[in-house]
Amino acid sequence: GEIPLGRGIEGEITLGRVIGSQQILLALESGCVVALDLTGKLLWKNQLRSPVNSVAFGDINGDGATEIVAGADDGHVCALNADGKLLWKHKMPKLDSGNLWALATPRVVRVRCADLDGDGRDEIVAGVGNLHLHVLAGDGRRVKSGLDWARTGLRKLPPAKGAARELWRRFSWGTWNAFTFGDLDGDGRLEIIGGPGMPPKAAASPGWILRADGEILAELDLDGWAGGINAVVAGDFAGNGKSLIALGTMKGYVRLYRPPTRLGEKIPLKPGQVVMDHTSGQNAKHLLRPPQLLWERNLGDLITGVAVLSAGTDADLIAAGSTTGYVTAFDIGGNKQWSRNVGSAVVGLLVGGRFDSEKKQLAIACKDGGVWLLDRSGDVIARTALGGVIHRMTVLKQPALPVSLLVADSGGRLRCLR
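Residues numbered from 1 in each chain as written. Predicted model: local features only at pLDDT ≥ 70, side-chain atom pairs only at ≥ 80, totals over all residues. Heavy atoms only, no water.

In this section: the overall build of the protein chain. The helix and strand inventory of the protein chain stands at 0 helices and 35 strands. Accessible area for the protein chain stands at about 18000 Å²; split by element, carbon and sulfur atoms hold 49% of it. (Helix = DSSP H or I, 4+ residues; strand = E, 2+ residues; numbered from the N terminus. Areas by Shrake-Rupley, 256 points an atom, 1.4 Å probe, with all protein chains shown as cover.)

Inspection of the secondary structure assignment puts Gln-23 in strand 3 (residues 21–27). Judged by its relative accessible area of 6%, Gln-23 falls in the buried class. (Buried < 20%, exposed > 50% of the residue type's maximum accessible area, 1.4 Å probe, protein only.)

A separate point is the pairing of strand 4 (residues 32–36). Of all 5 residues making up strand 4, 5 are buried, and the element is well covered by its neighbours. Neither face of strand 4 is exposed, since Cys-32, Val-34 and Leu-36 on one face and Val-33 and Ala-35 on the opposite face are all buried. In this structure, the hairpin formed by strand 3 and strand 4 is closed by a connection of 4 residues, where Gly-31 is found at a positive phi of approximately 95°. Direction of pairing for strand 4 relative to strand 5 (residues 42–47): antiparallel, over a ladder of 5 bridges. Opposite Val-33, over in strand 5, you have Asn-46 as the bridge partner. Once strand 4 ends, the chain turns through 5 residues before running back antiparallel as strand 5, passing Gly-40 with a positive phi of about 95°. (Pairing = 2+ DSSP bridges.)

The subject of this paragraph is the sheet that holds strand 15 (residues 178–182). The strand order 15-16-17-18 describes an open sheet built from 4 strands, whose pairing is antiparallel. Among the strands making up the open sheet, the edge pair consists of strand 15 and strand 18 (216–220). Strand after strand, the sheet turns through a mean of 20° between neighbouring axes, direction not considered. Bridge count for strand 16 (residues 191–195) against strand 17 (residues 207–210) is 3 bridges, and the pairing is antiparallel. Counterpart to Ile-192 in the pairing with strand 17 is Leu-210. (Axes fitted to C-alpha atoms, helices over the stretch in contact; angles between N-to-C directions.)

Our focus in this paragraph is unusual backbone geometry. Most peptide bonds take the trans form, and the phi angle of most residues other than glycine is negative. Phi angles above zero are rare outside glycine, and Leu-131 is one such case at about 70°. Here Leu-131 is to be found in the loop between strand 11 (123–128) and strand 12 (132–137).

Overall, the coordinates contain 11 salt bridges when judged by the stated rule. For Glu-215, the salt bridge goes to Lys-266, with nearest N and O atoms at 3.4 Å. Taken together, the residues span a long stretch of sequence, with Glu-215 in the loop between strand 17 and strand 18 and Lys-266 in strand 22 (residues 266–268) at a distance of 51 residues. Classification of Lys-266 by relative accessible area gives partly exposed; the value is 44%. A salt bridge links Arg-255 to Glu-296; its shortest N-O distance comes to 2.7 Å. With a gap of 41 residues between them, Arg-255 in strand 21 (residues 253–258) and Glu-296 in strand 24 (residues 292–298) connect regions that are remote in the sequence. Here the residues in one salt-bridge network are Asp-221, Asp-223, Arg-255 and Glu-296, joined through shared partners. (Salt bridge = Lys/Arg side-chain N within 4 Å of Asp/Glu carboxyl O.)

So, about the sheet that holds strand 6 (residues 52–58). With antiparallel pairing, 4 strands are arranged side by side in an open sheet as 6-7-8-9. With one partner strand each, in any of the chains shown, strand 6 and strand 9 (86–91) form the two edges of the open sheet. Taking the axes of each pair of neighbouring strands and ignoring which way they run, one obtains an average angle of 20° across the sheet. As judged from the 6 bridges shared by strand 6 and strand 7 (residues 67–72), these two strands associate in the antiparallel manner. When the sheet's bridge partners are listed, Ala-56 is paired in strand 7 with Val-69.

Counting buried positions along strand 3 gives 5 out of 7 residues, so the element sits mostly inside the fold. The pairing of strand 3 with strand 4 spans 4 bridges and is antiparallel. By the bridge assignment for strand 4, Leu-26 is matched with Val-34.

Turning next to the side chain of Arg-110. One can find Arg-110 in strand 10 (residues 108–114). Residue class for Arg-110 comes out buried when judged on its relative accessible area of 11%. Of the polar contacts made by the side chain of Arg-110, one reaches the backbone oxygen of Asn-177; its length is 3.1 Å. (Polar contact = N/O pair within 3.5 Å; in protein donor to acceptor, adjacent residues only side chain to side chain.)

Right, let's get into the packing of aromatic side chains. Inspection of every chain in the model, using the stated rule, returns 5 aromatic pairs. Measuring from ring centre to ring centre gives 6.3 Å for Trp-176 and Phe-179, while their planes differ by 55°; the resulting arrangement is tilted. Under the relative-accessibility criterion, Trp-176 is labelled buried at 0%. For the pair Trp-176 and Trp-208, a centre-to-centre distance of 6.3 Å together with 35° between the ring planes defines the contact as tilted. With Trp-176 in the loop between strand 14 (165–171) and strand 15 and Trp-208 in strand 17, this pair connects stretches of sequence that are 32 residues apart. Under the relative-accessibility criterion, Trp-208 is labelled buried at 1%. Through successive ring pairs, a cluster of aromatic residues spans Trp-176, Phe-179, Phe-181 and Trp-208. For the cation-ring pair, Arg-170 lies above Trp-208, with the distance from its terminal atom to the ring centre recorded as 5.7 Å. Lying over the aromatic face of Tyr-253, Arg-255 brings its terminal NZ or CZ to 4.6 Å of the ring centre. (Phe/Tyr/Trp six-rings, centres within 6.5 Å; stacked < 30°, edge-to-face > 60°. Lys NZ or Arg CZ within 6 Å of the ring centre and 35° of its normal.)

What follows is the structure, given as structure tokens:
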């Protein structure tokens, strides 16, 4: 089926469970947040004041109900209830980075919800164009920490008006538009894994593994000057109970990391050793124990998606797509298993269950409007040409029905493919 939405879906499509049933959320260039049921029927819409870039679900106040969080171009993070009514909005600051070439706009590029500290309430993590990653509490509470909040790069913030409170913000040379969460050290709390993916053209910044309170635990290489991260996934890909991190960079690298056993351990500098602190531009006082780089491969241009293909007892495969128009899969050891030319720049990759089994297949969205479905061996199961530029794609799972794909394009059409 197809639903016309009037203007392009430049933001996101996401699915979440609200009051016992799943909803499809859309972030629209028109400034509207739209909720549909799984058949495409309109449930509600809320017109915000500027284009909406990102939407997420989460229980942000611990009441057991799911709220909706939206990030907008005008710098607002907005919280809505299950019926789409505005609960509060929080204005992100325009922060002066001290550099004329860094515009430092408060545009909210990405929002995600996750219970970082394990208290049953989701925090809101926002990548913002003011060159900071922000973490908000949706119910006005504040965390306590023994960190030195006054140091450069991580700042404790005064109380703000409204129901949201900013817990911390961390500076980096770019906007965090790609990040994920995972309990990498087994302590029962989530870490934030990611980094700037929309950097200024004259800066170098690493990716980071961050503790729930914003402390840097480890750095991830993002190729130095004008580098950045476009895709990241974390999980037990090798099936041995240990977490790994797979990421794709703006300079075409796919990397697989193993987090350090002693995550966050500080290593003293050697006599005469000089290392730059990327948050302050000054000399660092110590090193952090680095993650182990298991392998890296370059695919020739910007990596636009990374996905993990698993199938029963078989070892996982790491697939990556790029603007070259190729999708390539590697095993855990970094050996190339297959490569597929899909004819146009890859917009995104998704993994979903097969129509006839629990085995996984890879869905690929392309800039020319093509959608491809590959099996784990890289063979083509199906393909279709939709026309228009595809912006977003997500997997739709409905009870007693085959797995479907939701695809949104620049013409404002939302299509369900089965």
